[in-house]
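Structural overview for review
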Amino acid sequence: MTIMHTLSAFFVSGIVIGILFDLFRISRKTFKTPNILIYIEDIIFWILTGLIILFTIFTSTNGEIRFYMIATMIFSCIIYFICISKFFIRINTKIISFIESIIKCIFKPIIKIVNFCKKFFKK
């Protein structure tokens, strides 16, 4: 594999790691989670990040690690966080809020019916 293919593989994997990090940030912003779940999410994030790095290393360089590969991955993460991260988080938070409002609209009449039945059968 040429050096340009290797650099682009590590560049893309750095962006994927940035997106994965943002997905965990979005889940923490939108859903209130207890501390133990946050620790579990952190462990899952680092396991997935390690797997992404190992996959990239073994598929693009047959297991050879060079400084420029890691530097490219770190550089692409930084570029992602500077240029794209804010928009990615904002868009996905709005999408989740929209889906949440649709779910609430769907289940609101059902909850009212259940509450009415509870009151009716209680008497």
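Residues numbered from 1 in each chain as written. Predicted model: local features only at pLDDT ≥ 70, side-chain atom pairs only at ≥ 80, totals over all residues. Heavy atoms only, no water.

1. A look at the packing of helix α1 (residues 3-30) against helix α4 (residues 85-122)
Our working definition: Simply put, an axis is a line fit to the C-alpha atoms, just over the touching stretch for a helix, and the angle between two N-to-C directions goes from 0 to 180 degrees. The helix and strand labels rest on DSSP assignments: H or I over at least four residues marks a helix, E over at least two residues marks a strand, and numbering proceeds from the N terminus. Note that the term roughly parallel is reserved for angles under 35 degrees, roughly antiparallel for angles over 145, roughly perpendicular for angles of 65 to 115, and oblique for everything else. With the far helix as reference, a near helix turned anticlockwise by less than a right angle produces a left-handed crossing, and one turned clockwise produces a right-handed crossing. By definition, residues are in contact when any of their heavy atoms lie within 4.5 Å. Each residue gets one label: Ala, Val, Leu, Ile, Met, Phe, Trp, Tyr, Cys and Pro are nonpolar, Asp, Glu, Lys and Arg are charged, and the others, such as Gly, are polar.
Taken N-terminus to C-terminus, the directions of α1 and α4 make an angle of 45 degrees; their axes are 10 Å apart at the nearest point. Overall, the two elements α1 and α4 adopt an arrangement that is oblique. Judged by the twist between their axes, the crossing of α1 over α4 is right-handed. Judged by residue contacts, Ile19, Asp22, Leu23, Arg25, Ile26, Lys29 and Thr30 of α1 engage Ser85, Phe88, Ile89, Asn92, Thr93 and Ile96 from α4. Each residue belonging to the contact of α1 with α4 can be placed in one class, and the counts come to 6 nonpolar, 4 polar and 3 charged.

2. Focus on helix α2 (residues 35-61)
Cut-off, in case you're wondering: Helix span is expected to be 1.5 Å times the residue number reduced by one. The rule is simple: take the accessible area with a 1.4 Å probe, protein chains only, and divide by the maximum for that residue type; under 20% is buried, over 50% is exposed, in between is partly exposed.
Look at α2: 39 Å from first C-alpha to last across 27 residues, which is about the 39 Å you get at 1.5 Å a residue. For α2, the full list of buried residues reads Glu41, Phe45, Thr49, Thr56, Ile57, Ser60 and Thr61. On its buried face, α2 sits against α1 and α3 (67-83). Directly beyond the C-terminal end of α2, a positive phi value near 55 degrees is found at asparagine 62.

3. Observations concerning the pattern of salt bridges
To be explicit about the condition: Salt bridges are defined as contacts in which a side-chain nitrogen from Lys or Arg sits within 4 Å of a carboxyl oxygen from Asp or Glu.
Enumeration over the complete set of coordinates arrives at 4 salt bridges. In this structure, the salt-bridge partner of arginine 66 is glutamate 64, at a minimum N-O distance of 3.3 Å. Overall, glutamate 64 belongs to the partly exposed group, its relative accessible area being 44%. Because the salt bridges share partners, they merge into one network encompassing Arg28, Glu41 and Asp42.

4. Some thoughts on α1
Between its terminal C-alpha atoms α1 stretches 41 Å, which fits the 40 Å expected from 28 residues at 1.5 Å a residue. For α1, every residue scored as buried is listed here: Thr6, Phe10, Ser13, Gly14, Ile17, Gly18, Leu20, Asp22, Phe24, Ile26 and Ser27. Each element contacted by the buried residues of α1 is listed here: α2, α3 and α4.

5. A short note on the nonpolar core
Spelled out, the test is: For the purposes of this section, nonpolar cores are sets of buried Ala, Val, Leu, Ile, Met, Phe, Trp, Tyr and Cys residues that join through side-chain atoms within 4.5 Å.
Listed in full, the 9 residues of the largest apolar core are Phe10, Ile17, Leu20, Phe24, Phe45, Ile57, Met69, Met73 and Cys77. Listing elements by their share of this core, those giving two or more residues are α1, α2 and α3. If you tally residues by element for this core, the top one is α1, at 4 residues. Beyond its immediate chain neighbours, meaning those up to four positions away, isoleucine 17 contacts Phe45, Thr49, Ile52, Ile53, Met73 and Cys77.

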